[in-house]
Amino acid sequence: MAEFFLPAVMSLMNPAVLFSITVGTVVGIIVGAMPGLTATMAVALLIPVTFGMDPLVGLALMGGVYSGGMYGGAISSILLSTPGTPAAAATAFDGYPLTRQGKGGVALTVATWASFWGGILSTIALLLMAPALAKFSLRFGPPEYFVLSIMGLSSIVTLTKGSMVKGLMSGFLGLVLATVGMDPLSGFMRFTFGSMNLFDGVPFMPALIGLFSVSQILDLTAESHIVEDLSKTISSIKRSKLPKGLGPTITRGSIIGIIVADYNFSDVPV
Amino acid sequence: MTRSSANKAFAAGGLGLAIALFLGAYNFPDRAADAARYIFFLAGTMAVLSLILFVQKIPSPDSDVRWVRSVRNFTITLVVLGVYGLLIPWLGFFPASGLFMAVLGWLLGFRRPFFLLLGIAIILGFVYIVFAHFLGVPIPMGIWGE
């Protein structure tokens, strides 16, 4: 692998490639921060733009957009409790309460560092494990998909705080919502009420935005300010530093992310 | 509302959903029997969980649950959201959204018309440029046609 690695790194040192990575990352962050536009959508939109480019520059641009988009989703998630990308949904759980306490800058700093190290570690993992994973993914069949789905559902037990019955009801409510649309086996339309928009099921991004944003609008009706602690200024948010002792948490999160991404690599929806 | 009565209300909602699912799946044709069986399973599980929630005892003392902190603002927001949903197909997305943001902002106490209108113009302009112009997302135009 070393004989491919070094030339690949050297080719990345090309100023045109570095410039395209920078532009791609900035565009990706802006796109990712917009609720409704995902990183994958940004890459898909960019494909026609890269047709006339050198393949390496085009790939670097798309990689930058994707990576920037994955991070950018955390910005609106932390500041508005509206995830910019589906992957940033969990960031809102802890990030937005920090924003309300006037610690939005700290949350963004942590998200930036965690995203950076997560990206670096997952790239190394991908470099080392991609060939083995590619072979392994071909052996995945319906039983493996089923077991992984059960594993995903079992996470309800660990994520539920308080009443387990309510947690399980929420999980089953999700499964009920997922029944809307065409039945994959018979092709029968379930609970679509004749609406063509529901033939493919409840679209993920509108559901996510509705779930987070509308509930947020209703929750904020009694507030005069989103941020409870108004003593912090914008410049103090910009100067926010990374709290100490987060290294082990970021490493642990990166390893979990790599494992989950490996499942996605096997095209398994976890 | 106390926590136990809130739980009972949720349980009643869950039971209602389970019954609706059961009735919906009951009308599936024979060729979709497998799909109906899955819905029956979900409806049955939801009904059992709802019943458990309904009879579950809350550790005393039963605490108060305050869902709405400002009844006036909450009701205004809910009504304006509903009217906005009804107006979109008739008035079109952009006029309905502009009206929604202006009315809701004003009724919730934002009394700076210039900044209100400027904010609305920026948001709608941004949505138009990104979603309508560049991405070509079909947006309801209402009475203004295609």
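Residues numbered from 1 in each chain as written. Chains lettered and ligands numbered in written order. Predicted model: local features only at pLDDT ≥ 70, side-chain atom pairs only at ≥ 80, totals over all residues. Heavy atoms only, no water.

## Quick look at the overall build of chain B
To be explicit about the condition: Secondary structure counts use DSSP, requiring at least four H or I residues in a row for a helix and at least two E residues in a row for a strand, with both numbered from the N terminus. Only protein chains enter the area calculation, which uses a 1.4 Å probe; residues under 20% of their type maximum are buried, those over 50% are exposed, and those in between are partly exposed. Any pair of residues with heavy atoms lying within 4.5 Å of one another is described as a contacting pair.
What chain B contains, in helices and strands, is five helices and zero strands. In chain B, the succession of α and β elements from N to C terminus is α-α-α-α-α. With the C-alpha coordinates of chain B rotated into their principal frame, the extents come out at 55 × 50 × 25 Å. Burial status across chain B gives 29% buried among its 146 residues. Expressed as a percentage of contacts within chain B between residues at least 6 apart in sequence, the contacts between residues at least 24 apart total 62%.

## Focus: the interface of chain B and chain A
Here is the rule we go by: N or O atoms within 3.5 Å of each other form a polar contact, as long as, within protein, one can give a hydrogen and the other can take it, and as long as residues adjacent in sequence are counted only when both atoms are side-chain atoms.
Counting residues at the interface gives 35 residues for chain B and 28 residues for chain A. Connecting chain B to chain A are three residue pairs in polar contact (both at pLDDT 80 or more). Broken down by secondary-structure element, the contributors of at least two residues to the side of chain B that touches chain A are α1 (3–26), α2 (33–55), α3 (71–91) and α5 (113–134) of chain B. Per element, the largest residue contribution to the side of chain B that touches chain A is eleven residues, and it comes from α2 of chain B.

## Side note on the confidence of the model for chain B
As a reminder, the rule being used: Residue-level confidence of the predictor is summarised by pLDDT, bounded by 0 at the bottom and 100 at the top.
Confidence in the prediction of chain B, expressed as mean pLDDT, is 88, and 98% of residues score 70 or more. Ranking the elements of chain B by mean pLDDT puts α5 of chain B last with 89 and helix α4 (residues 93–107) of chain B first with 93.

## Thoughts on the packing of aromatic side chains
Residue and element names in this part refer to chain A. To be explicit about the condition: The aromatic pairing rule takes the rings of Phe, Tyr and Trp, using the six-membered ring of Trp, and pairs them if the centres are within 6.5 Å, calling planes under 30 degrees apart stacked, those over 60 edge-to-face and the rest tilted.
Evaluation of the coordinates by the stated rule reveals twelve aromatic pairs over all chains. Between Phe93 and Phe212, the aromatic rings sit 6.3 Å apart at their centres with planes inclined by 20°, giving stacked as the arrangement. Residue Phe93 is located in helix α5 (residues 91–100), and its partner Phe212 is located in helix α9 (residues 204–219); the two are separated by 119 residues in the primary sequence. The exposure class assigned to Phe93 is exposed, which follows from its relative accessible area of 56%. On the accessibility criterion, Phe212 (12% relative accessible area) is buried.

## Here's the deal with helix α3 (residues 39–50) of chain A
All names here are of chain A. Rules: Given a helix with a known number of residues, its expected span is that number minus one, times 1.5 Å. Our arc is simply the arc of the directions from the helix axis toward the C-beta atoms.
Compared with the 16 Å implied by 1.5 Å per residue over twelve residues, the 16 Å span of α3 between its first and last C-alpha is a close match. Every buried residue of α3 is listed here: Ala39, Ala42, Val43, Leu46 and Thr50. Buried residues in α3, looked at end-on, bunch into an arc of 95°, giving them a common side. In this structure, the buried residues of α3 make contact with α2 (15–33) and α4 (55–80).

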